[in-house]
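Here is how the chains run, residue by residue.
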Amino acid sequence: MDKIQLPSCPLCKLFLQPKESIKTKLYYPSRIEDLKNVNFCIIECEDCKIPMVVSAEHLDYISDDIWRNSNYQCRKLFGRNVDFRTKQNKLHDHSHYHVIFPNGY
Ligand SMILES: [Zn+2]
Ligand SMILES: [Zn+2]
């Protein structure tokens, strides 16, 4: 499957050049080598220091498929009570969202 990715976009770089671009904790997939096979990843946001879900493609929306799967993975990783902040602060053209912990982190 060909993905829509932009070499200059910092979020696309997580998938295109993971070894150079990932400076924080990668939660999903568990191995950096698997980033080329997934349609989203869960990584600690460098700015907010909380996990965020990033779609593998440079699109401004999250597909239902990614939304469902990433919700499932987040609950598996962080517990049933996690919530999501879909408001995007900086990068509006590449879909991503932050994981919120209602009971504190
Ligand atoms: Zn952030
Ligand atoms: Zn991008």
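Everything quoted here is computed from the prediction, not taken from an experiment. What you see as residue numbers is a count from 1 along each chain, following the sequence as written. Naming scheme: in the order in which they are written, chains are lettered from A and ligands are numbered from 1. Residue-level local features of this predicted model are given only where pLDDT is at least 70; pairs of side-chain atoms are given and counted only at 80 or more, and the full residue set underlies all totals for whole chains, interfaces and linings.

Novice: Where do I start with the pairing of strand β5 (residues 96-100) in this structure?
Specialist: Along any regular strand, the residues point their side chains to alternate faces of the sheet. Pairing between two strands requires that DSSP report at least two bridges joining them. In this text, helices come from DSSP runs of H or I with a minimum length of four residues, and strands from runs of E with a minimum of two, each type numbered from the N-terminal end. Relative to β5, strand β3 (residues 51-55) is paired through three bridges, and the arrangement is antiparallel. Directly across from valine 54, in β5, lies its bridge partner histidine 96. Sheet analysis places strand β4 (residues 83-85) next to β5, joined by three bridges and oriented antiparallel. Paired with arginine 85 across the bridge in β5 is histidine 98.

Novice: In this structure, what is going on with helix α3 (residues 64-78)? I would like to understand it.
Specialist: Three or four residues apart is the spacing at which side chains of an α-helix point the same way, because the helix has 3.6 residues per turn. Helix span, as expected, comes to 1.5 Å for every residue beyond the first. Between the first and last C-alpha of α3 there are 21 Å, a value that for 15 residues agrees with the 21 Å anticipated at 1.5 Å per step. Around each residue's C-beta, the other C-beta atoms within 10 Å are counted; 20 or more make the residue buried, 12 or fewer make it exposed, and counts in between make it partly exposed. All C-beta atoms are placed from the backbone. Burial in α3 covers these residues: Ile66, Ser70 and Cys74. Projection of α3 onto a plane perpendicular to its axis shows the buried side chains occupying an angular sector of 60 degrees, all on one side. Those residues of α3 that are exposed and angled more than 90 degrees off the buried face are Asp64, Asp65, Arg68, Tyr72 and Lys76. Contact between residues is assigned whenever the C-beta positions, reconstructed from backbone atoms, fall within 7 Å. Against β2 (40-44), β3 and β5 lie the buried residues of α3. Just beyond α3, the residue with positive phi is glycine 79, at close to 105 degrees. The directions considered for the arc are those from the helix axis to the C-beta atoms.

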